[in-house]
Structure formats: structure tokens, C-alpha cells
Amino acid sequence: MTTSTQLARAAYRTFEPFHVVAYFNPELTSAYEDTGLDGHAWYVGARAAPMGPCAPSVVAAAFYNFNPVLIERAWPAAVAAGLDSVSDRRWKLLDSVLGTALGSLADDPALATLADRLRDVGDTASFAGRPLSAAWHSVDRPEVSHLALWHSITVLREWRGDGHLAALIDAELDPTEAAVFHEANRTTPQPGRRALGKRITQLTREWSESEWDSAAERLATRGLLTTSAEGETLTENGVALDQHIEDRTDVMASAVWRDVPDAEQLITSARPYVKAVIDAGFLPGTKKPS
């Protein structure tokens, strides 16, 4: 029998590509131009818009492994551009990109049914201590089926993510350390692990080389990683902590699946739509089938 913790892990691995299409797609440049925002401000605005025009420190807390200096610059720019305008442009972008990727699947009645069922699952969640997912849950869901599915998945994805931040705090990894720790090499490959790499992580989270190196030194002092010309590599203790963090994240994400009798079928039924997005070839590490 599949446990609720196993279902939480399967849901994350299955749904994640569908969610991140909002931030990795060929139409981002035109969205930047239309809103007058750079890439950082667009991302921060598009993802945190449901939180409303709050203080940058609140957004920085929710984003965790992003440099607060980046958020202090990017979030006010997004607010000044108009969070409603940013949200509208995000939905327009997703409508186009997902519609193209899905093709005829966008009109599949089962897609709308899945979106509704995943919304039902999200509606059962407790949002205490989960601010970003609570904000997304408060947003009116679009009527277009593939946008409704993206919204339902995003609520569940950010709900898991909020729990993951709690696991990082419990592991005593500060924001920079969390970024370095996540991108460190593993001596044994982990199936399904998603990493951006040091260069992209530094660019997108805006950690300087000195900040990165200082965090690596602190982690090395704790015996969690080693550094060399090839970069940072987790030690045996680091691998154990990494697994502990993932396990705790899955446990904290399991409650929402505990009383869903068709959970396994829901996760499985999402795979054709996720595959279509992956096959579109614009997500990192993917390419169109030849």
C-alpha cells in the first residue's frame, strides 16, 4: 500500500515540471518588456503577487534562499509596475505557453476534472505556517482548464515548499547555506533530484562568490561538505542531512494526501499533461523529441 508520505513525494516529482513552466519558457522576454521589469523583478513579482504589496522582508522570508538584497530591489519594482498587471501578464503567458505545449490535450475534459479534484485536495489543507501557499490559495482560479490545473498544482507545490523551508530552518541552514548545500555534488546520483548548478543559482539568487565561499566554509566546518577545484561535495554527514531534510519535507507534505482515496490515480492522471510540457523542450535539461 502506498503511504501518504510516498504520495507526497510522487506528487512533487510529477507536478513540478508543470509548475515551473511559469518561470522557464520562451515568452519570458516579451513579458519583461511588457511590464518594464528585469528578469529578477518579473520572477519575484509573478511568484509573490498573491501576497499583495507587503514589505520586501516578508517576501524575502517566503523565498528563503534568495539574497534579501535582491528582493529589496526587485519586489518594489514589481509593486510599482502593478501586481495586478504582473499577474495578468503571467496568466496570459501561461495560457499561451501551456496551450501550445498541450496542443489537443488542452481540450481534454479529463484535464478540467483533474484541476477540480486537485483544487479539492488543496482546499482541505491547513495553511497555518505556510504563507506563500496561503496567498496562492486565496487567488481566484482562472476558468481556462490548463490555467486552473496550473493554479491547483501551484497551491499544492507552494504548500510543500513552505514545509521545506521549515525543514531547512530545523537543519540550521541559513539562506546562503541552503543554496550551497542544495547545489553541492553528490557522490551517488539521486534519481529525480533537480538542481540548477552553482552558476545559475548564483545568478538567479544573486549570491556573490564571497558569500557563496563563506557559506561553504561554514558547512565544511560542520562536516557537511568538502571543497575542491571541482566545487563543493557533500560528505557522508551531509548526504545524511540532505536525506533527512527531504524525508521531513515529505512527511510535512503528506497530510494533504492522507484522506484522498483517489490520490494515486490523480497523480498518475497528471502525467500525460506534464509529459507534454516536458516534451515541449523549453524546461532546463529537456529538449523536444526528435
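Rules of the game
- Residues numbered from 1 in each chain as written.
- Predicted model: local features only at pLDDT ≥ 70, side-chain atom pairs only at ≥ 80, totals over all residues.
- Heavy atoms only, no water.
- Core = buried A, V, L, I, M, F, W, Y, C linked by side-chain atoms within 4.5 Å.
- Buried < 20%, exposed > 50% of the residue type's maximum accessible area, 1.4 Å probe, protein only.
- Helix = DSSP H or I, 4+ residues; strand = E, 2+ residues; numbered from the N terminus.
- Contact = heavy atoms within 4.5 Å.
- Phe/Tyr/Trp six-rings, centres within 6.5 Å; stacked < 30°, edge-to-face > 60°.
- Expected span 1.5 Å × (residues − 1).
- Arc of directions from axis to C-beta.
- Polar contact = N/O pair within 3.5 Å; in protein donor to acceptor, adjacent residues only side chain to side chain.
- Salt bridge = Lys/Arg side-chain N within 4 Å of Asp/Glu carboxyl O.
- Axes fitted to C-alpha atoms, helices over the stretch in contact; angles between N-to-C directions.
- Parallel < 35°, antiparallel > 145°, perpendicular 65-115°, else oblique.
- Nonpolar A, V, L, I, M, F, W, Y, C, P; charged D, E, K, R; others polar.
- 1 Å grid on protein atoms, 1.4 Å probe; cavity = no way out; pocket = protein on both sides within 12 Å on 5 of 7 lines; lining within 4 Å.
- Points joined across faces, edges and corners; volume = space filled by probe spheres on them.

## What to know about the nonpolar core
Working step 1: If you look at the biggest cluster of nonpolar residues, it comprises 72 residues, and the most contacted ones within it are Phe18, Phe63, Trp150 and Trp257.
Working step 2: Looking at this core, the element that brings in the most residues is helix α6 (residues 83-102), giving nine residues.
Working step 3: Not counting residues up to four positions away in its chain, the partners in contact with Trp257 are Ser4, Leu7, Ala8, Ala11, Phe15, Leu118, Val121, Leu156, Ala263 and Ile267.
Working step 4: Counting residues in each nonpolar core, the second largest holds 21 residues, with Ala171, Leu173, Trp207 and Ile245 among its members.

## Observations regarding the packing of aromatic side chains
Working step 1: In the structure shown here, the tally under the stated rule is seven aromatic pairs.
Working step 2: Summarising the aromatic geometry, the rings of Phe15 and Trp257 are spaced 6.4 Å apart at their centres and angled 40° between planes, so their arrangement reads as tilted. Highlighted residues: Phe15 in helix α1 (residues 4-20) and Trp257 in the loop between α13 (236-253) and α14 (263-269), separated in sequence by 242 residues. We note that Phe15, like Trp257, is buried.
Working step 3: On the numbers, 6.0 Å between centres and 75° between planes, the contact of Tyr43 with Phe63 is edge-to-face.

## Things to note about helix α7 (residues 109-123)
Working step 1: With 15 residues, α7 should reach 21 Å at 1.5 Å per residue; the first-to-last C-alpha distance of 21 Å fits that figure.
Working step 2: Among all positions in α7, only Leu111, Leu114, Ala115, Leu118, Val121 and Gly122 are buried. Along the long axis of α7, the arc covered by the buried residues comes to 120°, so they all point the same way.
Working step 3: Measuring from the backbone nitrogen of Ala110 back to the side-chain oxygen at the start of α7 gives 3.0 Å, which picks out Asp108 as the cap.

## Quick notes on the pattern of salt bridges
Working step 1: A complete count under the given rule lists 18 salt bridges for this structure.
Working step 2: One salt bridge in this structure joins Asp250 and Arg9, with 2.9 Å as the shortest N-O distance. Residue Asp250 is found in helix α13, and its partner Arg9 is found in helix α1; the two are separated by 241 residues along the sequence.
Working step 3: By relative accessible area, which is 6% here, Asp250 ends up buried.

## Description of the packing of α6 against helix α9 (residues 145-170)
Working step 1: Interaxial distance between α6 and α9 falls to 9 Å at its minimum, and their mutual angle equals 110°. Taken together, the axis directions place α6 and α9 in an arrangement best described as roughly perpendicular. Residues Arg90, Trp91, Leu94, Asp95, Leu98, Gly99 and Leu102 of α6 pack against His146, Leu147, Trp150 and His151 of α9.
Working step 2: Looking at the contact of α6 with α9, its residues break down into six nonpolar, three polar and two charged.

## Here we look at empty space enclosed by the protein
Working step 1: Inspection of every chain in the model, using the stated rule, returns one cavity of 30 Å³ or more.
Working step 2: Roughly 120 Å³ of internal volume is contained in the largest cavity.
Working step 3: Around the largest cavity sit 13 residues that line it, and Ala11, Tyr12, Leu156, Arg157 and Arg160 are the ones nearest its centre.
Working step 4: Partitioned by chemical class, the residues of the lining of the largest cavity number 10 nonpolar, no polar and three charged.

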